[in-house]
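Structural features, examined
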Amino acid sequence: MTTDRRLLLHDVTVQEGLGRASLPARSVLVSGERIEAVLPASEAPAEGGFVHWDLAGATVLPGMTLGHTHIAYVNVTTGRETLFKYRVPEVALHAARHAADLLSCGYTAFVGAGSVAGIDMALKNAIESGVIAGPRITPCSRDLMVSGPPGRRSPELKARMPRELMPVVDVLGDLVKYTEEEIDEGAEIIKVFSSGDDTFPNARSEELLFTREELTTVVETAHRRGARVRAHSRGLAGIRNALAAGVDVIDHATYADDRALDEIAERGVFVVPSLFQPDRLLALGERFGKAPDYLESLDFRDEIENTLRFLPTAEARGMKIVPGDDFGFAWTPHGTYADELVMYGERAGIAPETVIKWACAHGAELAGRGADAGVVAPGRLADLVVWDRDPAADLTVLQDKEALRSVLVGGRHAAGPVAPPAS
């Protein structure tokens, strides 16, 4: 399919990706890599230099964006395994497979959230040059980590950790150097840690990791270069420090209070919440070697409770929520992305069309394509997914791989069993 070919997706239900009800009996005209028109099927032209693709009532969605993923994690169970389970060449092959599989799940983009050995950047280059198939990528830096909370830093950890996998940066001046180097390598978003995590070896969720000065240093350096910053922020003090420093994305936000949520909304900071991953760890952890007393020691039940408290208020506050929850762990394996979306409906009571907006319009904006993708509308990129049934009527459709007919990226068939007609 040449890039200038015109294609009419005829007689479809259109879910625009804007949080509204789906539109039945529509046609979508694609010209090259972009949508030319969305019109009632009854008004679609019968001819006019385009290929006619009759889809008989199937539903067209924008391609979704996964807002937080570690594409190189392979069913890991510990912090050590995130870096050392496989050698880098093996990890790269797994990452390429995960990227290709995203397409067959209805995702046409992802935003990295910590890139082991810089694999996000390499994957983007390989996909854009046609070496491998995959979605659009907003590549993340390696995790920029400190060895411990302020006052509890460990030179030994810095000495042990290979810089190529994850730089441990306990010196303020080195943060500038490493941030610059990640951007030079192709990172479009920098990953930092304003708080710990109950599963981390160096700090728990309520403890600070980066100081406010360290966060501000990274933000100022990244913004000067046109890159953004995302902060792992579970504890409230860490969330407040990240906001004060001017980060662009709060990952998890699990202990955010109303004041922090209001500031997040007012400033237009993205939140990628954490509900699915802690829920699955508590439910399935023993299956993967986690002792019951270890699971009981985690404060994840409290984190889940607060996330369930604030998610239903997100729309009224005007928050930019984007799904994506630490996929690549053994209890949240790659390919189970739709399970998270369904959980937002079943556990948090979020309307299906709102969840779809979070994954489509909000996801595209997080990826840096807010005016260019994520919505079925004229002028937008033709990153489109054809489903047998309407996910806005039933989110579980997204869990049914057999319900996905076709995926277009820039108007070209990229995945799915059904390709557009050749002529």
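Right, let's walk through the structure included here. Just so it is clear, the structure is predicted and the values come from calculations on it, not from any experiment.

A few words now on the sheet that holds strand S9 (residues 140-143). An order of S9-S10-S11-S12-S13-S14 is seen for the six strands of this open sheet, with the pairing classed as parallel. One side of each edge strand has no neighbouring strand; the edge strands of this open sheet are S9 and strand S14 (320-321). Across five bridges, the pairing between strand S10 (residues 189-193) and strand S11 (residues 228-233) is parallel. Within S11, the residue paired with Ile 189 across the bridge is Arg 228. In this fold helix H7 (residues 236-245) packs onto S11 and strand S12 (249-252), with an angle of close to 170° to the strand it touches most, S11.

Strand-to-strand pairing in sheets goes through backbone hydrogen bonds, with the strands running parallel or antiparallel. Here three strands make up an open sheet; going across it, the order is S6-S7-S8 and the pairing parallel. Sheet topology places strand S6 (64-69) and strand S8 (136-138) at the edges, where each strand pairs with a single neighbour. The mean angle between the axes of side-by-side strands here comes to 20°, regardless of whether they run parallel or antiparallel. Pairing of S6 with strand S7 (residues 107-112), which is carried by four bridges, proceeds in the parallel orientation. Bridging across to S7, Met 64 finds its partner in Tyr 107.

Before going further, it helps to spend a moment on the environment of Phe 50. Relative to the assigned elements, Phe 50 resides in the loop between strand S3 (34-40) and strand S4 (51-54). In the structure, Phe 50 is positioned 19 residues away from Ser 31 in sequence and 8.5 Å away in space, judged by C-alpha atoms. Beyond its immediate stretch of four places on either side in the chain, Phe 50 contacts Arg 6, Leu 7, Leu 8, Leu 29 and Pro 45.

Quick look at the nonpolar core now. Ile 190, Val 192, Phe 210, Leu 311 and Met 319 are the most contacted members of the largest nonpolar core, which totals 105 residues. Among the elements that line this core, the one with the most residues is helix H13 (residues 337-348), at seven residues. Those residues within four positions of Leu 311 in sequence are excluded, and the remaining contacts are Pro 273, Leu 275, Ile 321, Tyr 344, Ala 348, Ile 350 and Trp 358. One finds Leu 9, Val 28, Ile 35 and Val 60 within the second-largest nonpolar core, a separate group that totals 17 residues.

This paragraph deals with the packing of aromatic side chains. The relation between two aromatic rings is expressed through the spacing of the ring centres and the mutual angle of the planes. If you walk through the whole model with that rule in mind, you get eight aromatic pairs. When the ring of Tyr 107 is compared with that of Tyr 337, the centres are 5.5 Å apart and the planes differ by 70°; the resulting orientation is edge-to-face. One end of the pair, Tyr 107, is in strand S7; the other, Tyr 337, is in helix H13, with 230 residues separating them in the sequence. Look at Tyr 337 and you get buried, because its relative accessible area is 1%. With 5.7 Å between their ring centres and 35° between their planes, Phe 276 and Phe 327 make a pair best called tilted. Of this pair, Phe 276 sits in helix H9 (residues 276-284) while Phe 327 sits in the loop between S14 and H13, and the two are 51 residues apart along the sequence. In this structure, Phe 276 and Phe 327 share a single accessibility class: buried. Taken together, the ring pairs in this structure connect Tyr 73, Phe 288, Phe 329 and Trp 331 into an aromatic cluster.

Below, the discussion takes up the pairing of strand S5 (residues 59-62). Neither face of S5 is open: one carries Thr 59 and Leu 61, the other Val 60 and Pro 62, and all of them are buried. Note: strand S1 (residues 6-14) against S5, two bridges, orientation parallel. Residue pairing across strands places Val 14 opposite Val 60, the latter belonging to S5. Pairing of S5 with strand S15 (residues 384-387), which is carried by four bridges, proceeds in the antiparallel orientation.

In the structure shown here, the tally under the stated rule is 36 salt bridges. For Arg 204, the salt bridge is made with Asp 198, and the minimal N-O distance between the two is 3.2 Å. By relative accessible area, Asp 198 is classed as buried at 5%. Two residues, Arg 240 and Asp 257, come together in a salt bridge whose shortest N-O distance is 2.6 Å. In this pair, Arg 240 is assigned in helix H7 and Asp 257 in the loop between S12 and helix H8 (258-267), connecting sequence segments 17 residues apart. Residue classification places Arg 240 among the partly exposed positions, given a relative accessible area of 32%.

The rules behind each value
Residues numbered from 1 in each chain as written. Predicted model: local features only at pLDDT ≥ 70, side-chain atom pairs only at ≥ 80, totals over all residues. Heavy atoms only, no water. Pairing = 2+ DSSP bridges. Helix = DSSP H or I, 4+ residues; strand = E, 2+ residues; numbered from the N terminus. Contact = heavy atoms within 4.5 Å. Axes fitted to C-alpha atoms, helices over the stretch in contact; angles between N-to-C directions. Core = buried A, V, L, I, M, F, W, Y, C linked by side-chain atoms within 4.5 Å. Buried < 20%, exposed > 50% of the residue type's maximum accessible area, 1.4 Å probe, protein only. Phe/Tyr/Trp six-rings, centres within 6.5 Å; stacked < 30°, edge-to-face > 60°. Salt bridge = Lys/Arg side-chain N within 4 Å of Asp/Glu carboxyl O.

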